Amino acid sequence: MFPFNLRGPEFLCFYLVFGTVVAVVLWQLRVRLEAGEVPDATMSKAKLLSNAYMLAYLRGGAKEAITVATVSLIDRGLLAAAGANLETSCGVDPESARRSLEQ
């Protein structure tokens, strides 16, 4: 029983059954592969910063990652904007930058 030798209704019936079997198998495979623990919705701040730097690098390369790191340092009070220049804030230890990109 080669399916290409079937005629009319037999051909349609075979491919309807075949298509249904393939769809069910793929659905079961997807359910099994996607089963598992849901990731934690609350990310730590360090992990969130790491993801921000990775996304910035993917978006615009090293220059964009440095820009995001600079904004993060200003936001955390480790850098201060003095006109067009950036300076280390008074009384802040330069070693308090968490990542090598920030240092």
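These figures come from a predicted structure and were not determined experimentally.

Turning our eyes to something else, we now look at the overall build of the chain. The secondary structure content of the chain amounts to two helices and two strands. Scanning the chain from its N terminus toward the C terminus, one meets helices and strands in the order α-α-β-β. Relative to its full complement of 103 residues, the chain shows a buried share of 15%. Summed over all atoms, the accessible surface of the chain reaches about 8500 Å², with 64% contributed by carbon and sulfur.

Now for helix α1 (residues 8-34). Taking 1.5 Å of rise per residue, the 27 residues of α1 would be expected to cover 39 Å, and the 39 Å separating its terminal C-alpha atoms lies within 8% of that figure. Positive backbone phi, approximately 145 degrees, marks G36, located one or two places after α1.

Another point: the pairing of strand β2 (residues 85-88). Across four bridges, the pairing between strand β1 (residues 79-82) and β2 is antiparallel. Across the sheet, residue L79 finds its bridge partner in β2, namely T88. The hairpin formed by β1 and β2 contains two residues between the paired strands, and G83 there has a positive phi angle of roughly 70 degrees.

For the rest of this paragraph, the subject is the confidence of the model for the chain. The predicted model of the chain has a mean per-residue pLDDT of 78, with 72% of residues at 70 or higher. Within the chain, α1 carries the highest mean pLDDT (92), whereas β2 carries the lowest (72).

Glancing now at the packing of aromatic side chains. Applying the stated criterion to the full structure yields four aromatic pairs. Each ring, one from F11 and one from Y15, has its centre 4.8 Å from the other, and the planes form 55 degrees; the classification is tilted. Of this pair, F11 and Y15 both sit in helix α1, separated by four residues, roughly a single helical turn. On the basis of relative accessibility, which here comes to 30%, the residue Y15 falls in the partly exposed class. Connected via pairs of aromatic rings, a cluster forms that spans F11, F14, Y15 and F18.

Mapped onto the fold, P3 is located in the segment before α1. Measuring from C-alpha to C-alpha, the distance between P3 and Y15 comes to 8.3 Å, with twelve residues separating the pair along the chain. Those residues within four positions of P3 in sequence are excluded, and the remaining contacts are F11, F14 and Y15.

Basis of the calculations
- Residues numbered from 1 in each chain as written.
- Predicted model: local features only at pLDDT ≥ 70, side-chain atom pairs only at ≥ 80, totals over all residues.
- Heavy atoms only, no water.
- Helix = DSSP H or I, 4+ residues; strand = E, 2+ residues; numbered from the N terminus.
- Buried < 20%, exposed > 50% of the residue type's maximum accessible area, 1.4 Å probe, protein only.
- Areas by Shrake-Rupley, 256 points an atom, 1.4 Å probe, with all protein chains shown as cover.
- Expected span 1.5 Å × (residues − 1).
- Pairing = 2+ DSSP bridges.
- pLDDT = per-residue confidence, 0-100.
- Phe/Tyr/Trp six-rings, centres within 6.5 Å; stacked < 30°, edge-to-face > 60°.
- Contact = heavy atoms within 4.5 Å.

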